[in-house]
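Reading the structure
Residue strings, one per chain:
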Amino acid sequence: EIMIGSKTYTIDRTSEKYTKRLKGEETLEAKTELNFEVYDGGTVKTPLSLTEGNATFAGKVSIGTTSPTSIGLEVITDTDDSNIRITAHHVNVTSHPNLILQKSKGSIASPGNVSENDSIGDIEWAGYHTDGFDHLARIAAFVDDAPGNGDMPGRLVFSTCRNGSIVSTEALRLDSVQDATFASDVRLATGKGLYGYNSRSFIWTTAAGTYIKSTDNSTGDGIHFQNHATTEIVTFLDSGNVGIGTN
């Protein structure tokens, strides 16, 4: 036992013996468990348990601080700009580090199905100013449509805080049919463009202005303006002709 202030800390080691049979031979094995216990006001708590190489934490885990917040895992440092790193070493070309956020309803013992529009997980950013950390950006994942067994449509929402606010609002949405919806203008940097099918047509920006081009010389090809019923309204052909109401 170790006394620190008003608390008593103990390290408890237990061993469970069992017989292992392998290819007709019997050996006596032992499973060892190591518990780190603390007595706090007469209550026994086990914040850490080690069993067969596995570590189980009953409370919060903090690295770099002795005063963890309500966060389950927290890393704090004054010197390093690479606080969390996941590295995988494997000869298989498909093996790689993974960061997985997953959610169910219900409980650990009895998980329940998620539903449409349920929030599944997010990554948030915050910057410190004056008296605390203020929220500035967020990437969140949602269930995008009615899910089923083997069917989980997803939606990603990218949100940022506008100048003068610490409340993020949606800037970009990628839905389950893989359409992208922007909440504001889409701006092209000078010398960049939006390309169409097979790079045959594109919108291109330069210092001199913005251009709409068609790079295919096939008969009847050009730039077409249509209504919602795909009826030709105005057509600019590669030949230089302009069709109004027809091509």
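Not measured: the values here are computed from a predicted model.

Structural notes on the packing of aromatic side chains
Counted by the stated rule, this structure contains one aromatic pair. On the basis of an interplanar angle of 75° and a centroid distance of 5.2 Å, the ring pair of Y128 and F133 is categorised as edge-to-face. Y128 sits in the exposed class, given a relative accessible area of 51%.

Thoughts on the pairing of strand β12 (residues 154-161)
Burial along β12 is one-sided: the face carrying R155, V157, S159 and C161 is buried and the face carrying G154, L156, F158 and T160 is not. Where β12 meets strand β13 (residues 168-174), six bridges bridge the pair, whose relative direction is antiparallel. Bridge assignment links T160 to a residue of β13, and that residue is T169. Turn length for the β12-β13 hairpin, with the two strands adjacent in sequence and antiparallel, is six residues, and the turn residue G164 shows positive phi of about 90°.

Quick look at the sheet that holds β12
Across the sheet, five strands lie side by side as β10-β11-β12-β13-β14; this open sheet has antiparallel pairing. Across the chains shown, the open sheet's two edge strands, defined by having one partner strand only, are β10 (119-129) and β14 (180-182). Direction aside, neighbouring strands of the sheet carry axes that sit 25° apart on average. Two strands pair when backbone bridges link them, and strand β11 (residues 132-143) and β12 are joined in this way by seven bridges, in the antiparallel orientation. Across the sheet, F142 pairs through a bridge with R155, a residue of β12.

Here's the deal with the side chain of D175
Take D175: it is sitting in the loop between β13 and β14. For the buried D175, no salt bridge exists, and the shortest N-O distance to an oppositely charged side chain is 7.0 Å, to R173. For D175, the side chain forms a polar contact with the main-chain nitrogen of V177, separated by 3.2 Å. Ignoring anything within four residues of it in the chain, the contact list for D175 reads D144, G154 and R155.

Side note on the pattern of salt bridges
Inspection of the entire model under this criterion finds six salt bridges. Here R138 and D122 are joined by a salt bridge, their closest N and O atoms 3.0 Å apart. A residue pair is termed long-range when its members are at least 10 positions apart, and R138 in strand β11 and D122 in strand β10 qualify at 16 residues. Using a relative accessible area of 22% as the deciding quantity, one classes R138 as partly exposed. Classification of D122 as partly exposed rests on a relative accessible area of 29%. R155 is the partner of D144 in a salt bridge, and the nearest nitrogen-oxygen pair spans 2.8 Å. Of this pair, D144 sits in the loop between β11 and β12 while R155 sits in strand β12, and the two are 11 residues apart along the sequence. Accessibility expressed as a relative area gives 16% for D144, which makes it buried. If you follow the salt bridges from partner to partner, you end up with D122, E124 and R138 in one network.

Quick notes on the side chain of H135
Inspection of the secondary structure puts H135 in strand β11. Only 2.9 Å separates the side chain of H135 from the side chain of S168, close enough to count as a polar contact. Leave out the neighbours within four places in its chain, and H135 touches E124, W125, A126, C161, I166 and S168.

Quick word on the sheet that holds strand β20 (residues 242-244)
Taken in spatial order, the three strands line up as β18-β19-β20 in an open sheet, and their pairing is antiparallel. The outermost strands of the open sheet, each flanked by one partner alone, are β18 (222-226) and β20. Neighbour-to-neighbour, the strand axes of this sheet turn through a mean angle of 10°, independent of strand direction. Bridge count for strand β19 (residues 232-237) against β20 is three bridges, and the pairing is antiparallel. Bridge assignment links T235 to a residue of β20, and that residue is G243.

What counts and what doesn't
- Residues numbered from 1 in each chain as written.
- Predicted model: local features only at pLDDT ≥ 70, side-chain atom pairs only at ≥ 80, totals over all residues.
- Heavy atoms only, no water.
- Phe/Tyr/Trp six-rings, centres within 6.5 Å; stacked < 30°, edge-to-face > 60°.
- Buried < 20%, exposed > 50% of the residue type's maximum accessible area, 1.4 Å probe, protein only.
- Helix = DSSP H or I, 4+ residues; strand = E, 2+ residues; numbered from the N terminus.
- Pairing = 2+ DSSP bridges.
- Axes fitted to C-alpha atoms, helices over the stretch in contact; angles between N-to-C directions.
- Lys, Arg positive; Asp, Glu negative; His and termini not counted.
- Salt bridge = Lys/Arg side-chain N within 4 Å of Asp/Glu carboxyl O.
- Polar contact = N/O pair within 3.5 Å; in protein donor to acceptor, adjacent residues only side chain to side chain.
- Contact = heavy atoms within 4.5 Å.

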